[in-house]
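The chain contents come next:
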Amino acid sequence: MAVQKITLLGVPLHICMPQDFEEEILRLVVKEGPKQIMFLSVWDLLHARGKNEYAECVRNADLVLPVSKSILFGAKFLYGKVLYRWNPFETVINIMTILENHYKSVYFLGGRKKTLMAAERNVHGTFRNLQVVGRYVGYYPKSVEADVIEAIRKASPSLVLLSEGLREKDCWAYARRGHFHTSIFLYYGDAIGIFSERIMHISKRAFDKGLEIWIEIFHNPLKIFLVFPFLWYLFCLFWNRLFGKDRG
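What you see is a predicted model, and the numbers here were worked out from it, not measured in a lab.

How each quantity is defined
Residues numbered from 1 in each chain as written. Predicted model: local features only at pLDDT ≥ 70, side-chain atom pairs only at ≥ 80, totals over all residues. Heavy atoms only, no water. Salt bridge = Lys/Arg side-chain N within 4 Å of Asp/Glu carboxyl O. Helix = DSSP H or I, 4+ residues; strand = E, 2+ residues; numbered from the N terminus. Buried < 20%, exposed > 50% of the residue type's maximum accessible area, 1.4 Å probe, protein only. Core = buried A, V, L, I, M, F, W, Y, C linked by side-chain atoms within 4.5 Å. Contact = heavy atoms within 4.5 Å. Pairing = 2+ DSSP bridges. Axes fitted to C-alpha atoms, helices over the stretch in contact; angles between N-to-C directions. Left-handed = near helix turned anticlockwise from the far one by under 90°. Nonpolar A, V, L, I, M, F, W, Y, C, P; charged D, E, K, R; others polar. Right-handed = clockwise from strand over helix to strand, strands pointing away.

Novice: For this particular structure, what's the right way to read the pattern of salt bridges?
Specialist: Where charged atoms from two side chains of opposite charge approach closely, those side chains can pair. Taken as a whole and assessed by the stated rule, the structure comprises 9 salt bridges. A salt bridge links R27 to E24, with the nearest nitrogen and oxygen atoms 2.6 Å apart. Taken together, the residues span about one helical turn, with R27 and E24 both in helix α1 (residues 18-30) at a distance of 3 residues. Look at R27 and you get partly exposed, because its relative accessible area is 39%. When its relative accessible area of 8% is taken as the criterion, E24 is described as buried. The shortest N-O distance in the salt bridge between K142 and E145 comes to 3.5 Å. Residue classification places E145 among the buried residues on the basis of a relative accessible area of 12%. Connected through salt bridges with shared partners, the residues K142, E145, E168 and R176 form a single ionic network.

Novice: For this particular structure, what's the right way to read the nonpolar core?
Specialist: Ranked by internal contacts, the top residues of the largest apolar core, which has 34 residues, are F21, I37, M96, F108 and F195. Top element by residues in this core is helix α5 (residues 88-101). It accounts for 6 residues. Setting aside its immediate chain neighbours within four residues, F108 contacts M96, L116, E120, V123, V132, G134, R135, Y136, L161 and I192. Within the second largest apolar cluster, 28 residues are counted, among which are L40, L78, L83 and C236.

Novice: Explain the sheet that holds strand β5 (residues 105-109) here, please?
Specialist: Taken in spatial order, the 6 strands line up as β4-β3-β8-β7-β5-β6 in an open sheet, and their pairing is parallel. Either end of the sheet is taken by a strand with one partner, and the two such strands are β4 (63-66) and β6 (131-136). Each strand of the sheet is rotated relative to its neighbour by a mean of 20°, with strand direction disregarded. In this sheet, strand β8 (residues 184-187) lies alongside strand β3 (residues 35-40) in parallel orientation, the contact comprising 3 bridges. Across the sheet, I37 pairs through a bridge with L186, a residue of β8. Packing of helix α3 (residues 53-60) onto the sheet brings it into contact with β3 and β4, and relative to β3 it is tilted by some 115°.

Novice: How should unusual backbone geometry be read in this particular structure?
Specialist: Trans peptide bonds make up the majority, and among non-glycine residues the majority have a negative phi. A positive phi angle, close to 50°, is found at K169, a residue other than glycine. Relative to the helices and strands, K169 resides in the loop between β7 (159-162) and α8 (170-175). In this structure K169 comes out as partly exposed when scored by relative accessible area, which is 45%. Positive phi is not limited to glycine here, since E197 has a value of about 70°. Along the chain, the position of E197 falls in the loop between α9 (191-195) and α10 (204-208).

Novice: Just to check I follow, could you spell out the packing of α1 against α5 for this structure?
Specialist: In helix packing, the relevant descriptors are the interaxial angle and the interaxial distance, both defined with respect to the helix axes. Between α1 and α5, the shortest axis-to-axis distance is 10 Å and the interhelical angle comes to 65°. For the element pair α1 and α5, the recorded crossing hand is right-handed. Of α5, the residues touching α1 (which contributes F21, E22, I25, L26 and V29) are T91, N94, I95, I98 and L99. Considered class by class, the residues forming the contact of α1 with α5 number 7 nonpolar, 2 polar and 1 charged.

Novice: Just to check I follow, could you spell out the pairing of β5 for this structure?
Specialist: Here is the key point about a regular strand: its side chains alternate between the two faces of the sheet. Within β5, 5 of the 5 residues are buried, which leaves it mostly tucked inside the rest of the structure. Side chains S105, Y107 and L109 of β5 all project onto a buried face; the interleaved residues V106 and F108 project onto the opposite face, where all are buried too. Across 5 bridges, the pairing between β5 and β6 is parallel. Paired with Y107 across the two strands is G134, which belongs to β6. Since β5 and β6 lie parallel, the crossover through helix α6 (residues 113-126) that links them has a hand, and here it is right-handed. Here β5 pairs with β7 via 4 bridges, running parallel. Along β7, the bridge assignment pairs Y107 with V160.

Printed below as a string of structure tokens:
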């Protein structure tokens, strides 16, 4: 099945199955201009319903991959659409494996110097045919941003992996898209920390069971208040089911 674009509560996302993923990544690699892949949680979806830069970023992304079970429920509940839920860490590994198999390149932007260097060493050891063409810390001063952008532009990597330290997160690449002529941009906040072995990624078993939110609440109890936007999400789904698509 080819990749399809749908909207859920007015927010675009893609139906992309694992068997189509490599073909889609390679299509993006050769597509002209800067491209962007985004992970979309239910909280991101609610944010993207507003009139803001993030919403615009989502609307213009080349591939929006759902990471929340709640999004899958919403798509099935409103439209009968079956989506695939993407594990962010495994997806990044999958992308890098695809790029390695085709002798492509990556640029890292994020983390602090020590963590970034450790991440690069570990990536070199695992993905031997994936060329790391540059790296820069995420917590950089504004005065060097032009140099960072120019370094990425000159390196023309297949993938720019964005991580911690970028205040704008996904919107970093979107806001600067006019400076780049190529590359896929992907923000995953934990990437550098995981690759450097500073932090642990969630286990596949826990992710498949949808337990990641409880792990987040354990680390930050204030996240229990996310129940209120979640209830709003459910209300929007039922409102749309009763009164028409995308009217929530």
